[in-house]
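One letter stands for each residue in the lines below.
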Amino acid sequence: MSAAHTRLTATLRELRTRTGLSLAALSARTAYSKSSWERYLNGKNLPPRQAVRDLCRVADEPDGRALALWEIAESERSGRAASAAPAPVSAPASVSGGPRPAPQEAPPASMSGRPPGHGGRRPVVLSVVLSVVSTLVAVGLAAPALLLLPGSPGEAEDPLPASAPYSLAPQCHGAHCEGLDPMRLICGISPESLATYRTVGGAHVELRHSRKCGAGWARAWGTRVGDRMEVTAGGAAHAVRVRREADTRTYVYTAMAAARPGSTVRVCFRPASAAAERECFEARVGEAAAEAPPASPR
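Since the structure is predicted, the reported quantities are computational estimates derived from the model, not experimental observations.

Caption draft 1: Spotlight on the overall build of the protein chain. Along the protein chain, the regular secondary structure elements total 7 helices and 9 strands. Burial statistics for the protein chain: of 298 residues in total, 50% are counted as buried. In the structure as shown, the protein chain presents an accessible area of about 13400 Å², 54% of it carried by carbon and sulfur atoms.

Shown next, in the form of structure tokens:
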């Protein structure tokens, strides 16, 4: 079990303890069986993304941190974390002389898939198949891939609860994505990287864009408590602050800003230190990351 999977498992156990529910009671309140939860909470299997969301809901806990841990663990398990990193952009100017871009270690890729059904063989098989589907989505092969999913007529297994969504399609587009979570709205499947940047303090910042959702957002890792990041595409700015030590070990990401081809998406990173300069850069949707022009801080 990888370090990321270990951290995720510890977080899930903590959430389950907070609920005070037995495995049977937890199963009754989610779309996953008692035996599935036993495997997830003991680290035997990586849970589906929806299972993580469901446990956060039952525990009345915001799911941002747990989903970020899941994204890293799933990327390591699937091998996508070892893919080549996008090319860094030129450093923006700053009062202190400007940060220097550096080659980036490849960050984990975006999350994939939707939840499996309740019980039977579906949880184990779908967790593997949907990892493949998330890759095929990028080349338009999601529909053929979905034909490979288990559950054909006559196969004996528990029915999928009506409350459990079963779709890989993004849930918003353009202006309807404004200010919303890119992961919850399934815009994080195979996004494009518009630009990447390393701050003076060592944090990594990436501008991302989903063509299917028509929106962009920013994410960062290697941050410090108190760091703040905001993104805009010519409209409202959407910000996120690193509030807890645990968040410094995972991704933090902003809400989405509607961004059509040709739009300029801008991100500004504000270090926690009052003496540090704000660092900003921008990229145009549809251009290669290496060609994204930097922007000076304001």
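Caption draft 2: Spotlight on the sheet that holds strand β4 (residues 228-232). In space, the 4 strands of this open sheet follow the order β5-β4-β8-β9, with antiparallel pairing throughout. Where the open sheet ends on each side, the last strands, each with one partner, are β5 (238-241) and β9 (279-284). For this sheet the average axis-to-axis angle between neighbouring strands, irrespective of direction, equals 15 degrees. Both β4 and β5 contribute to a ladder of 4 bridges, which runs antiparallel. Note on β5: the bridge partner recorded for V231 is H238.

Caption draft 3: Spotlight on the pattern of salt bridges. Applying the stated rule across the entire model yields 18 salt bridges. For E74, the salt bridge goes to R77, with nearest N and O atoms at 3.7 Å. In this pair, E74 and R77 are both assigned in helix α5 (residues 64-78), 3 residues apart and thus about one turn of the helix distant. Its relative accessible area of 1% is what places E74 among the buried residues. In this structure, the salt-bridge partner of E206 is R208, at a minimum N-O distance of 3.6 Å. R208 carries the same exposure label as E206, and that label is buried. Three or more residues joined by partner-sharing salt bridges are found here, namely E14, R18, E61, R244 and D247.

Caption draft 4: Focus on the confidence of the model for the protein chain. Mean pLDDT for the protein chain: 73, with 67% of residues reaching 70 or above. Taken element by element, the predicted model of the protein chain shows its lowest mean pLDDT in helix α7 (residues 142-146) (36) and its highest in β4 (97). Note on residues 82-167: pLDDT under 50 across the span, and 176 contacts to partners over four residues away in sequence or across chains. Low pLDDT (under 50) marks residues 290-297, which in the prediction has 26 contacts with non-local residues, meaning those over four places away or in another chain.

Caption draft 5: Spatial organisation of the packing of helix α1 (residues 3-19) against α5. The geometry of α1 relative to α5 is characterised by a closest axis approach of 8 Å and an angle of 150 degrees between their N-to-C directions. In this structure, the crossing between α1 and α5 has a hand that is left-handed. The segment α1 lies against α5, with A4, H5, R7, L8 and T11 engaging R65, A66, L69, W70, I72, A73 and E76. Split by residue class, the contact of α1 with α5 holds 7 nonpolar, 2 polar and 3 charged.

Caption draft 6: Fine view of the pairing of strand β1 (residues 192-198). The sheet contact formed by β1 and strand β2 (residues 204-210) spans 6 bridges and is antiparallel. Opposite S193, over in β2, you have R208 as the bridge partner. Hairpin geometry of β1 and β2 is characterised by an intervening segment of 5 residues between the two adjacent antiparallel strands and by a positive phi of about 100 degrees at G202.

Caption draft 7: Local environment of the state of the cysteines. Evaluated as defined, the whole model comprises 3 disulfides. Paired by a disulfide, C187 and C213 hold their sulfur atoms 2.0 Å apart. Here the disulfide of C187 and C213 is left-handed, its torsion about the S-S bond being about -95 degrees. Within this pair, whereas C187 is found in the loop between α7 and β1, its partner C213 is found in the loop between β2 and β3 (215-221), the two being separated by 26 residues in sequence. Per residue, the accessibility class of C187 equals that of C213, and both read buried. Disulfide partner of C268: C280, at an S-S distance of 2.0 Å.

Caption draft 8: Summary view of the packing of aromatic side chains. Overall, the coordinates contain 5 aromatic pairs when judged by the stated rule. Ring geometry for Y32 versus W37: centroids 6.1 Å apart, planes at 80 degrees, classification edge-to-face. In this pair, the class of Y32 matches that of W37, namely buried. Taking 6.3 Å as the distance between ring centres and 70 degrees as the angle between the ring planes, the aromatic pair formed by Y32 and Y40 counts as edge-to-face. Across this residue pair, the class does not change: Y32 and Y40 are buried. Linked through ring pairs, Y32, W37 and Y40 together constitute an aromatic cluster. Positioned above the aromatic ring of Y251, the side-chain terminus of R219 is 4.1 Å from the ring centre.

Caption draft 9: Spatial organisation of unusual backbone geometry. The phi torsion at D60 lies on the positive side, around 55 degrees, for a residue other than glycine. Tracing the chain through its elements places D60 in the loop between α4 (49-58) and α5. By relative accessible area, which is 69% here, D60 ends up exposed.

Definitions and cut-offs
- Residues numbered from 1 in each chain as written.
- Predicted model: local features only at pLDDT ≥ 70, side-chain atom pairs only at ≥ 80, totals over all residues.
- Heavy atoms only, no water.
- Helix = DSSP H or I, 4+ residues; strand = E, 2+ residues; numbered from the N terminus.
- Buried < 20%, exposed > 50% of the residue type's maximum accessible area, 1.4 Å probe, protein only.
- Areas by Shrake-Rupley, 256 points an atom, 1.4 Å probe, with all protein chains shown as cover.
- Pairing = 2+ DSSP bridges.
- Axes fitted to C-alpha atoms, helices over the stretch in contact; angles between N-to-C directions.
- Salt bridge = Lys/Arg side-chain N within 4 Å of Asp/Glu carboxyl O.
- pLDDT = per-residue confidence, 0-100.
- Contact = heavy atoms within 4.5 Å.
- Left-handed = near helix turned anticlockwise from the far one by under 90°.
- Nonpolar A, V, L, I, M, F, W, Y, C, P; charged D, E, K, R; others polar.
- Disulfide = S-S within 2.5 Å.
- Phe/Tyr/Trp six-rings, centres within 6.5 Å; stacked < 30°, edge-to-face > 60°.
- Lys NZ or Arg CZ within 6 Å of the ring centre and 35° of its normal.

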